[in-house]
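# A structural walkthrough
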Amino acid sequence: MDTSPRAPGGRGTAVAFDARLDGLTGIAVKGFLLSLVTFGIYRFWYMTNLRRFFWSRTLVDGSPAEYTGSGKELFLGFLVALAILVPVYVGLFAVSLLSPSLAPFSAPISFLVLFLLGQYALYRGRRYRAMRTLWRGIRLGQDGSGLAYAARAAGWWLLPLLPLGLAFPFMRAGLERSRIRHTLIGVERMGSTARGRTILGPWLLIYAVALLPPLALGLAFLAAADFAPPTDLFVSKGGKGATGINPDYDGTTLGLLLVGFFGALATCLPLALLLVPFYRARETRAFMNAASLGDVRLVSTLRARQFYWPYLVYALSLIGFVALLGLIVALLAFAVRSGAGTGGMSILHLVIVPLYLGGALVFAVLYVRVIQARLWAAVANTTTVSDAEGLGRILAAARGPGSGLQEGLADALDVGGALQIGF
Amino acid sequence: MAAGLTAQGRYFDGASARPHPVTVSLTDRLAVSGPGISRDWNLLDLRATETVPPLTRVGAAGEAARVEFSDEALAAALAARCPDLYRRESRGGTLRLVLWSVAAGLSVLLVAVFGVPVLARLAVPLVPDAAETRLGRAVEEQVVRLLNEPPLCTDPAGRAVLDALVARLAGAAPDLPRDVAVSVRRNGLANALTLPGARIVVLSDLIAKARSADEFAGVLAHEFGHAALRDPTRSLIQASATSFLLSLVLGDLTGSTVIVAVGQAALSAGYSREAERAADAYAVALMNRVGGNGAALAAILERIARDEGEDDLAFLRSHPFTRERAAAIRAQAGPEAEAKRILSEAEWASLRAICGPDAAKPEKSRRRRPGSDARP
C-alpha cells in the first residue's frame, strides 16, 4: 500500500491514508473486550477512538484531519434517542396488543416509521461527524434539514420500486447530491454533479447477471408450457409441506427448463452479490469525481480490484479460521470419546464458549484492519485534489461545534456504522 | 532552560486553510515566526492532536490556530516540557466507565429478573377484557399455525360430553374471567395450552394418554387455574418487557446476542414454579368441589413426565419438581378422592372418541407434559 503522499501532478495535491496501522489492533482489542464487559456501553468510546485513528491518518495536502468528538457525546446522544424511541416502540407494541385487527399492519407501519427515523438519524449522524471534523483548524459542517432529507429519501426509495429497481442509481446520485450540497468546509459549500446515468452501467450489469438468466428460463418454461403450467407439476415430498418436482416430468423439456430456472435462481443471486464491490467502487469513483469545492475538484482513479482485495483477504481468513476451529473441535471430540469420560461433553461446552469469544474477537479485529482500513485506504489513496492553491482559499466559519447529541438516534436504530468511507 | 530547538513547519491561522511557512523554536515558550507571523505560546497551554510520527501538530488549547512540523527531536522535547500536551478530557475515566456500566447492566438485569414479574402482575388487571379476548384470538391463530394447522375435533357426542364437563367445572370455578372456550385439536403432543382471554386448546394426545376422565378433567382444571390467575397474559407481558429491556441495554455488540437468547429462554420458558403450584392447588380444589378425583392430576403428570424422559427442557424444569408437585396434589386431594369419578364410563368413552375412533391410542414417541403450558 502506498504510504507516502504521492507527488502531486501539476498544481494538484494528493489525499493519502497512512496504512501502517500501528496501534489499530490495540484499539480494536480493547474496544471489543471492554464493550463486552460493559454490556456494549463502551462502544461509543471505541467508535470515537477508531474515528480519531482514521481521521488522523487521512492527509489532505499533507495536513491530517482532526476528529474532536467524544464518547461521552455519543453516549448522551444515545440516551436522548432512547427517550424518543421507547415511546415509539411501546406505542407500536400497544397498537398490536390492543387491536389485533391492526396487527397485520403493525409490521409495515413500524417499518415505515423506523425507516423514516433511520434516514433522519443518518443525516443527523453525518452532521455530527462533519461538525467534529477539523482540517487545518477549519471546522466542517452540514446544514439542511434532516426531516427534508428523510422525506426525500423515502420518495427516492419508493421510486425504485416502480420500474423494477432500475431507478436505484438515480436514487443514490440524488441523495449524494443533497448530502454533498449541504456539506460545508468553513464557509465554503461543496458542490456535486453526481448523475445516476454515470453508474447505470455497473448497476445494469448486476441487474443482468441476477435477473436475466432466471427471467429468460422462466419465460422459456412458460412458453414451452403454452403459458398454462400443468397443475401436477409439484408433488409433496415426505413430511410437512415439503414439495418437489413431480418425477413424471424428469427428462422432459418442461422439467429441464423448470430445474434450470431454479438452478439459475440459486446461482445468479450469489454471483450478483459478488458484483456488489464492483458497483460500490464505480459508484464511489463517480461520486468523488463529481464532488467539488468552488473551483477545486476531486479526482478519483479508484479501481474495482482495490475493493475486492480486502474482501478476498477477509473471506480467506474467515474460511481459514473456521477450518481451524472445526479441526480443534473434532480433535477435542475425538479425545473426549477415547477418554470416555462422562464429563467429557461438558468440557467440550466449556471449550466452545472461549472459542466463540476468541473467534468473535479475531473477526472484530480483522474487520477493522482488513475491511475498514483497506477500503478507506483504497478510496483515500486514489483521490487527488485538482488545485492545492484553491484549498488555501478556504475560510473558517464562525459556527460553533454544534450539539453533541445528534448521532445517538443512528446508533439506537443501528443505522450507519462507526466509519463511513468517503464523505 | 536548555538551548532552543528549532524546526521548519507550516502554520495555519485558523481563519483560512492557507499554509504559512514558519520556523518553530522551543525555549521556555514555543515561538512560531515567519513572514507576517509571530506567535509565542505558553507551554502549559499547548495541546497536540493525534498524528502519525514524525508529523506533529500543536496549538494552544481552545484556539483554532495550528502549527505542523516533522521534527522528532523537537516533538520529544516538547512532550517532555508540556505536561498537558496529550491530555484528553476522558483520560483515566475508562475504569470508572467500566465499573459504572457494569453496575448499570447488573441493575437492569435485576429489574428484568425481579422487577418485571412484579410489574407484570400489577399490569394484568389493567388489561381490558375486550383487548385480552382479541389478543387470545390472535395468539391462537399463531399457535395453530406453529403446530402445522391441526384439525379441530368436532365429533358431536364427544363435544357434548366435553361441553357439559366444561360447564360443570366453570360453574364451580371462582375468579374465572369470562366464558371459557375449550377447543380440541388433533395433534401428537400430550399438552393443553391456555391462551390469553381464557382460551384453552387441548391437543388430542393428552386425551389418549389419560387413563380416566378424572385425569383429563384434572388437567383441564389446572388450565382453568392458569386462566383464572391470568397467567398467560401476565407471561406475555413479562416476556415482552424482559426482551425489550435486555435488547435495549445490550445494544448490538457481538456476543451479547447470545446472552439475550439464553436469558430470554431461562427467564420466560413457561410459567414460574409458583404459578404451576397455584394452578395445581386451584385444580384440586375445583375437582373436589365438583365431586371428581383431585389426585388423578398427579397420576397423569407423573406418567407424562416419565414418557418425556430426557427432554431438551429437562434442565430448566427438573424432575424432582414433578415429584414435589404430585405429592402436594395428593396431600391436598385427601385419601378419599381416589374413589370419586367425575364422568361415567360411557361418557368418558364418547369423549375419548372426540377426534374419531383411531385417535384414541396414544402415540409412543411423543413426549410433552400437560401443564407445561403455552409459551405464546
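All residue numbers refer to position in the chain's written sequence, counted from 1. Labels follow written order: the first chain is A, the first ligand is 1, and so on. For a predicted model such as this one, the threshold for reporting local features is a pLDDT of at least 70, and the threshold for listing and counting side-chain atom pairs is 80 or more; totals across whole chains, interfaces and linings nevertheless cover every residue.

The name an unreviewed UniProt entry gives chain B is Beta-barrel assembly-enhancing protease, with Methylobacterium dankookense as the organism.

You'll find chain A entered in an unreviewed UniProt entry as Inner membrane protein YjgN, with Methylobacterium dankookense given as the organism.

## Remarks on the overall build of chain B
Counted only if it meets this: Numbering of helices and strands starts at the N terminus; helices are DSSP runs of H or I of at least 4 residues and strands are runs of E of at least 2. Buried, partly exposed and exposed are defined by the number of other C-beta atoms within 10 Å of a residue's own C-beta, namely 20 or more, between the two limits, and 12 or fewer respectively, with C-beta atoms placed from the backbone. Contacts are defined on C-beta atoms placed from the backbone: any two residues whose C-beta positions lie within 7 Å are in contact.
What chain B contains, in helices and strands, is 12 helices and 10 strands. The proportion of buried residues among the 376 residues of chain B is 38%. Here the analysis covers contacts within chain B between residues at least 6 apart in sequence; of these, 69% occur between residues at least 24 apart.

## Section: the overall build of chain A
When its secondary structure is counted, chain A shows 13 helices and 12 strands. Buried positions account for 36% of the 423 residues belonging to chain A.

## Regarding the UniProt feature "transmembrane region" (unreviewed entry) in chain A
All names here are of chain A. The following threshold applies: UniProt positions are given in the numbering used here, feature names are shortened, and annotations may be inferred rather than shown by experiment.
Here, the residues flagged by UniProt with the feature "transmembrane region" (unreviewed entry) are residues 27-46, 74-99, 105-123, 204-225, 256-279, 311-335 and 347-368. Counting secondary structure, residues 27-46 comes out at 75% helix and 0% strand; the distance between its end C-alpha atoms is 7 Å. Its end C-alpha atoms 36 Å apart, residues 311-335 is made of 100% helix and 0% strand.

## Digging into the nonpolar core
Threshold: Remark: nonpolar core denotes a set of buried Ala, Val, Leu, Ile, Met, Phe, Trp, Tyr and Cys residues whose joining runs through C-beta atoms within 7 Å.
In terms of nonpolar packing, the biggest core is built from 87 residues, with I138(A), I185(A), A291(A), W376(A), A380(A), V24(B) and V67(B) touching the most fellow members. Sort the elements by how many residues they give to this core and helix 11 (residues 344-381) of chain A lands first, with 9 residues. Within the second largest apolar cluster, 58 residues are counted, among which are L169(B), V180(B), A283(B) and A299(B).

## Digging into helix 6 (residues 168-181) of chain A
The test is simple: Helices are assigned an expected span. That span is 1.5 Å times one less than the residue count.
Between its first and last C-alpha atoms helix 6 of chain A spans 20 Å; for 14 residues at 1.5 Å apiece the expected length is 20 Å, and the two agree. If you check which residues of helix 6 of chain A are buried, you get F168(A), P169(A), F170(A), R172(A), A173(A), E176(A), R179(A) and I180(A).

## Observations regarding the pairing of strand 10 (residues 199-203) of chain B
Residue and element names in this part refer to chain B. We count it as follows: The pairing criterion is simple: DSSP has to find at least two bridges between the two strands.
Taken across its 5 residues, strand 10 has 5 buried, putting it largely inside the fold. Along strand 10, one buried face is formed by R199, V201 and L203 and the opposite face, lined by I200 and V202, is buried too. Two elements, strand 8 (residues 181-185) and strand 10, share 5 bridges in a ladder whose sense is parallel. In the sheet register, S183 faces strand 10, and the bridge partner there is V201. As paired elements, strand 9 (residues 192-195) and strand 10 share 4 bridges and run antiparallel to each other. Its bridge partner lying in strand 10, L195 is registered against R199. If you look at the hairpin formed by strand 9 and strand 10, you'll find 3 residues sitting between the two strands, and G197 has a positive phi there, around 80 degrees.

## What to know about the environment of A181(B)
Residue and element names in this part refer to chain B. Within the secondary structure, A181 sits in strand 8. Taking the C-alpha atoms as reference points, A181 and V166, 15 residues apart in sequence, are found 8.8 Å from one another. Those residues within four positions of A181 in sequence are excluded, and the remaining contacts are A198 and R199.

## Observations concerning the packing of helix 7 (residues 200-224) of chain A against helix 9 (residues 276-290) of chain A
All names here are of chain A. This is how the line gets drawn: Convention adopted: a line fitted to C-alpha atoms gives each axis, helices being fitted over their contacting stretch, and angles between N-to-C directions are expressed from 0 to 180 degrees. Angles below 35 degrees are treated as roughly parallel, those above 145 as roughly antiparallel, those between 65 and 115 as roughly perpendicular, and all remaining angles as oblique. When residue character is reported, Ala, Val, Leu, Ile, Met, Phe, Trp, Tyr, Cys and Pro are called nonpolar, Asp, Glu, Lys and Arg charged, and the others, Gly included, polar.
Interaxial distance between helix 7 and helix 9 falls to 9 Å at its minimum, and their mutual angle equals 170 degrees. Considering their axes alone, helix 7 and helix 9 lie roughly antiparallel with respect to each other. Across the interface between the two elements, P202, W203 and I206 of helix 7 pack against F278, Y279 and R282 of helix 9. Counted by class, the contact of helix 7 with helix 9 contains 5 nonpolar, no polar and 1 charged residues.

## Quick notes on the sheet that holds strand 6 (residues 56-60) of chain B
All names here are of chain B. As summarised here, the arrangement of the 7 strands in space is 4-3-2-1-7-6-5, forming an open sheet in which the pairing is antiparallel. On the outer flanks of this sheet lie strand 4 (37-42) and strand 5 (46-48), each paired with one strand and no other. Adjacent strand axes in the sheet meet at a mean angle of 30 degrees when their direction is disregarded. Alignment of strand 6 against strand 7 (residues 66-69), held across 3 bridges, turns out to be antiparallel. Paired with V58 across the strands is V67, a residue of strand 7.

## Describing the sheet that holds strand 11 (residues 296-300) of chain A
All names here are of chain A. Here 10 strands make up a closed barrel; going around it, the order is 1-2-3-4-5-6-7-10-11-12 and the pairing antiparallel. Mean inter-strand twist for the sheet, computed between neighbouring axes without regard to direction, equals 30 degrees. Note that strand 4 (residues 133-135) and strand 5 (residues 138-142) share 2 bridges and pair antiparallel. Its bridge partner being in strand 5, W135 is matched across the sheet by I138. The strands that helix 9 touches are strand 7 (188-192), strand 10 (291-293), strand 11 and strand 12 (383-385); relative to strand 11, the one it contacts most, it runs at about 160 degrees.

## Some words on the environment of S204(B)
Residues and elements named next belong to chain B. Here S204 lies in helix 5 (residues 204-209). Judged by the 25 C-beta atoms lying within 10 Å of it, S204 falls in the buried class. For the pair S204 and V184, spaced 20 residues apart in sequence, the C-alpha separation works out to 6.4 Å.

## Structural notes on the confidence of the model for chain B
Residue and element names in this part refer to chain B. Applied cut-off: One number per residue, pLDDT, summarises how confident the predictor is, and it ranges from 0 to 100.
Averaged over all residues, the pLDDT of chain B equals 78, while 82% of them reach at least 70. Taking the mean pLDDT of every element in chain B, the minimum, 43, falls on helix 8 (residues 256-268) and the maximum, 90, on strand 7. Scored below 50 in pLDDT, residues 310-318 shows 6 contacts in the model against residues more than four places distant or in partner chains. Within the model, pLDDT remains below 50 along residues 364-376, and this stretch shows 47 contacts once partners closer than five positions in the same chain are excluded. Two numbers describe this predicted complex: its pTM, 0.74, and its ipTM, 0.72.

## Quick notes on the environment of E389(A)
Here E389(A) lies in helix 12 (residues 388-392). Spatially, the C-alpha atoms of E389(A) and R177(A) are 25 Å apart, while their sequence positions differ by 212 residues.

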